[in-house]
Amino acid sequence: MIRKKIAELIREAYKGCKDKGIFIYDADIEPIVEIPRESDFGDYSTNIAFILAPKLRKSPRDIANVLAEHIDSKGLCEKIDVAGKGFINFHIKDTVWRSGLKDLFEKGIDAFMPHIGEGRRVLIEFVSANPTGPLHIGHGRGAVVGDVLANILSSVKYDVSREYYINDAGRQIATLGESTYLRLLEIKGEKIDFPDGLYKGEYIKDIAAMLIQMGIEIPDKRDDAIRFLSQFSSNIVMEGIKKDLLDFGVVFDSYFRETELYQSGMVDDTIEGLRSRGIAYEKDGALWFKTGLFEKDEDRVLIKSDGEKTYFASDIAYHRNKIKRGYDTLIDIWGSDHHGYIPRLKASLEALGEDRERLKVILIQFVTLLKDGKPIGMSTRAGQFTTLREVLDEVGRDAARFFFLMRKSDAHLEFDLDLAKKTSNENPVYYVQYANARIESIFRNAREQGILIKGITEGTQQPFEGVASGKTDINIGLLKLREEMDLIKGIIHFYDVIEGSAKSLEPHRLTFYLIDLVGRFHSYYNKARILNENSELTAARLMLLYVLQKVIKYGLKILGVSAPDKM
RNA sequence: GCGCCCAUAGCUCAACUGGACAGAGCGUUGGACUACGAAUCCAAAGGUUGCAGGUUCGAAUCCUGCUGGGCGCACCA
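Residues numbered from 1 in each chain as written. Chains lettered and ligands numbered in written order. Predicted model: local features only at pLDDT ≥ 70, side-chain atom pairs only at ≥ 80, totals over all residues. Heavy atoms only, no water.

## A few points about the overall build of chain A
Helix and strand counts for chain A stand at 19 helices and 15 strands. The buried share of chain A, reckoned over its 567 residues, is 51%. Here the analysis covers contacts within chain A between residues at least 6 apart in sequence; of these, 69% occur between residues at least 24 apart. Roughly 26,300 Å² of accessible area belongs to chain A as shown, and the carbon and sulfur atoms make up 48% of that amount. (Helix = DSSP H or I, 4+ residues; strand = E, 2+ residues; numbered from the N terminus. Buried < 20%, exposed > 50% of the residue type's maximum accessible area, 1.4 Å probe, protein only. Contact = heavy atoms within 4.5 Å. Areas by Shrake-Rupley, 256 points an atom, 1.4 Å probe, with all protein chains shown as cover.)

## Observations regarding the packing of aromatic side chains
When we look at a pair of aromatic rings, we describe it by the centre distance and by the angle of the planes. With the rule as written, the count across this model stands at 24 aromatic pairs. For the ring pair Tyr44 and Trp97, a centre distance of 6.1 Å and an interplane angle of 20° mean the geometry is stacked. Of the two residues, Tyr44 sits in strand 2 (residues 44–46) while Trp97 sits in helix 4 (residues 94–107), which places them 53 residues apart along the sequence. Judged by its relative accessible area of 0%, Trp97 falls in the buried class. The residue whose ring lies beneath Lys242 is Tyr255, and the NZ or CZ to ring-centre distance is 4.2 Å. A cation sits over an aromatic face here: Lys283 above Trp288, 4.6 Å from the ring centre. (Phe/Tyr/Trp six-rings, centres within 6.5 Å; stacked < 30°, edge-to-face > 60°. Lys NZ or Arg CZ within 6 Å of the ring centre and 35° of its normal.)

## Structural notes on the state of the cysteines
In the structure shown here, the tally under the stated rule is 0 disulfides. Here Cys17 is not disulfide-linked; the sulfur of Cys77 is the nearest cysteine sulfur, at 16 Å. Judged by its relative accessible area of 7%, Cys77 is buried. (Disulfide = S-S within 2.5 Å.)

## As for helix 18 (residues 508–527)
With 20 residues, helix 18 should reach 28 Å at 1.5 Å per residue; the first-to-last C-alpha distance of 29 Å fits that figure. Where helix 18 is concerned, the buried positions are His508, Leu510, Thr511, Tyr513, Leu514, Leu517, Val518, Gly519, Phe521, His522 and Tyr524. (Expected span 1.5 Å × (residues − 1).)

## Remarks on the packing of helix 7 (residues 202–213) against helix 8 (residues 222–247)
At a minimum axis separation of 11 Å, helix 7 and helix 8 run at an interaxial angle of 115°. Judged by the angle between their axes, helix 7 and helix 8 are roughly perpendicular. For the pair helix 7 and helix 8, the crossing hand works out as right-handed. Packed against helix 7, whose contacting residues are Tyr203, Ile207, Met210 and Leu211, the element helix 8 presents Phe228, Leu229, Phe232, Ser233, Ile236 and Val237 at the interface. In terms of residue class, the contact of helix 7 with helix 8 is built from 9 nonpolar, 1 polar and no charged. (Axes fitted to C-alpha atoms, helices over the stretch in contact; angles between N-to-C directions. Parallel < 35°, antiparallel > 145°, perpendicular 65-115°, else oblique. Left-handed = near helix turned anticlockwise from the far one by under 90°. Nonpolar A, V, L, I, M, F, W, Y, C, P; charged D, E, K, R; others polar.)

## Let's talk about the nonpolar core
Ile6, Ile124, Leu153, Phe415 and Phe494 are the most contacted members of the largest nonpolar core, which totals 150 residues. Residue contributions to this core peak at 15 residues, all from helix 19 (residues 535–559). Ignoring anything within four residues of it in the chain, the contact list for Phe415 reads Val367, Thr368, Leu369, Leu370, Val391, Val395, Ala400, Phe403, Phe404 and Ala420. Leu261, Ala280, Phe289 and Tyr341 belong to the second largest nonpolar core, which has 31 residues in total. (Core = buried A, V, L, I, M, F, W, Y, C linked by side-chain atoms within 4.5 Å.)

## Points about the pattern of salt bridges
Close approach of charged atoms allows side chains of opposite charge to pair. The tally for this structure, following the rule as stated, stands at 43 salt bridges. A salt bridge links Lys304 to Glu308, with the nearest nitrogen and oxygen atoms 4.0 Å apart. Taking the relative accessible area as the measure of exposure, Lys304 reaches 30% and is therefore partly exposed. Residues Arg356 and Glu350 are paired through a salt bridge, measuring 2.8 Å at the closest nitrogen-oxygen approach. (Salt bridge = Lys/Arg side-chain N within 4 Å of Asp/Glu carboxyl O.)

## Points about the sheet that holds strand 3 (residues 77–83)
Overall, antiparallel pairing links the 4 strands, which are arranged 1-2-4-3 in an open sheet. On the outer flanks of this sheet lie strand 1 (33–34) and strand 3, each paired with one strand and no other. In this sheet, strand 4 (residues 87–92) lies alongside strand 2 in antiparallel orientation, the contact comprising 3 bridges. Residue pairing in the sheet places Ser45 in a bridge with Asn89 of strand 4. (Pairing = 2+ DSSP bridges.)

## Overview of the pairing of strand 5 (residues 121–125)
The element strand 5 is extensively covered by neighbouring structure, given that 4 of its 5 residues are classed as buried. In this sheet, strand 6 (residues 159–166) lies alongside strand 5 in parallel orientation, the contact comprising 5 bridges. For Val122, the partnering residue across the bridge sits in strand 6 and is Val160. Since strand 5 and strand 6 lie parallel, the crossover through helix 5 (residues 137–155) that links them has a hand, and here it is right-handed. In this structure, strand 5 lies alongside strand 11 (residues 329–335), joined through 4 bridges in parallel fashion. Bridge pairing in strand 11 places Ile124 opposite Ile331. (Right-handed = clockwise from strand over helix to strand, strands pointing away.)

## A closer look at the sheet that holds strand 13 (residues 367–371)
Judged by pairing direction, the sheet is mixed, and its 3 strands sit side by side in the order 14-13-15 without closing on themselves. Of all the strands in the sheet, the pair left with one neighbour each is strand 14 (374–376) and strand 15 (413–416). In this sheet, adjacent strand axes meet at a mean angle of 40° when their direction is disregarded. Packing of helix 14 (residues 397–404) onto the sheet brings it into contact with strand 13 and strand 15, and relative to strand 15 it is tilted by some 155°.

## A short note on the side chain of Lys489
Checked against the element boundaries, Lys489 lands in helix 17 (residues 482–504). Since its relative accessible area comes to 16%, Lys489 is described here as buried. What Lys489 contacts, discounting residues up to four positions off in sequence, is Asp43, Trp97 and Arg520.

## Some thoughts on the domain arrangement of chain A
For chain A, the domain assignment lists domain 1 (2–91), domain 2 (98–113 + 426–559) and domain 3 (171–247). The C-alpha-based centres of domain 1 and domain 3 are spaced at 67 Å. (Domains from an automatic or database assignment.)

## Observations concerning helix 10 (residues 266–276)
All of the buried residues along helix 10 are Met266, Val267, Thr270, Ile271 and Leu274. Summarising the axial view, the buried residues of helix 10 lie within an arc of 130°, below the 170-degree limit, and thus occupy one face. Two residues or fewer after helix 10 comes Gly278, characterised by a positive phi angle close to 80°. (Arc of directions from axis to C-beta.)

## Notes on unusual backbone geometry
For Ser128, which is not a glycine, the phi torsion comes out positive at approximately 45°. Within the secondary structure, Ser128 is located in the loop between strand 5 and helix 5. What makes Ser128 buried here is its relative accessible area of 13%. Although it is not a glycine, Leu505 adopts a positive phi angle of roughly 60°. Structurally, Leu505 is set in the loop between helix 17 and helix 18. Taking relative accessible area as the criterion, Leu505 reaches 15% and is therefore assigned buried.

Rendered as structure tokens:
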């Protein structure tokens, strides 16, 4: 909120200088306003003088001085000074921070959310694991990143949909059917030599056993049986996946099936479009896509010489379909091992006459599970992968989600099972949740002490009406400890964090913010008493905690982590 | 061989996308509860940001070349 105003002040000052003929450079400026590391450098700072220096042919320091003189802070700033070689530092008045707090108290958190996504539709496609086996830990990471990103984008008013793409047309499903078939024969007493390339997980045996238990008849002919079992097994597996996701707090708006693309003719249609534009050509009996027209990449096959279409073909059709459904931005969340696929998919969008930048791919790096300080290997083939379900059962949803959000997604993640399980100070999840519980506890004590607090409930705008002294007005001017100011500033930074997180598509920023925010609270708590002899001061401090708790809960809600009142 | 990603305190990671003296947590050492929850707080120690160059007012961040790790490069999915 304040940050934007600072940027505006700089723009105005710049314009003033331009109008006066002090600066002879016509272009508009987009000043970068940041929060300096050192508190001595003020609350906000800009490097605009450095940017302008080469254009104005003056020293940054001179430009900063002139600009600073022309900034009318409109009562926002205590002082504005020029430091270093040309930074302009803004020291915001404490009263401004406090009234920001009061605004949040009176109008609620939502009222000040930046509406940067207004009127824009986003489709986030994630997880999209083939229904051939249970979700493993890597899928879990992608699931959380996608889910939280969707929450973040929603909070800044994007119209967001979550979609799961089911590859149910390819060979993998047939392989699944074949695997089930063999297990079935095995249960019936046949000696089976299980070939490589089939799925060997225990869950296949479970499915086979289930078939027998339910007395389901399968077709006699092997091919028919496998076809039947493919469908049956993948449906069972898909149900399991949905259940895991649900328990993980991830719910999709839609499931899109690859077979639908074929049945509706969208794949053929798309291929025909590419062919007629001369972007697809035949060679060696196959149909190729001219990736080379758009990327430094090899041409790729759309239709194999045996007439079968590749995944690439259906993926193009799928993304075209997404655009047709009216989404402005397409976000795909993939495992990082698919990175090589990005150029050709973007190229295909371009080939279809779309803006390739509409597609944003977020890569999720691998997760290494640690137990007793040692990595646990995982291989789907060998059937000893570590499933999301196991991790969920082991450490719980809150810890699992939080841990996945503690790294930026394109970095490897070491997931320490033992640490995530600990209910101790080493576990950052509890650090944040504890703050909320602590605040709640203070509210409980306040009530017990007879400090009149009217409904600390959502939607009530004046929760502290009639605090002890009988006053309804809260004197926020009493909040002047350094720790109180740090906390207030932290609260107001929330909006910058959300916006930054939404623009960069980086959910982990919110996690770090929350840890930092509650750290400020814990320090404050140890420094000052909330409930004290001075009833006015008590009221002011309770109000501060009230708003703080709202922000913590809001943040945790976005992360999909619970905020228990007692723990 | 070509391409993408990563390398930051003993460990796990940040650093607002090029900003000012590189920050947290864990671990180590020392301190703070007979009033609001010690799942907390305060303090100290800990760094040539893998190496070598370059770009500029300024580089962990951008460019080049190495070293070491991950992943891609199918008429597979």
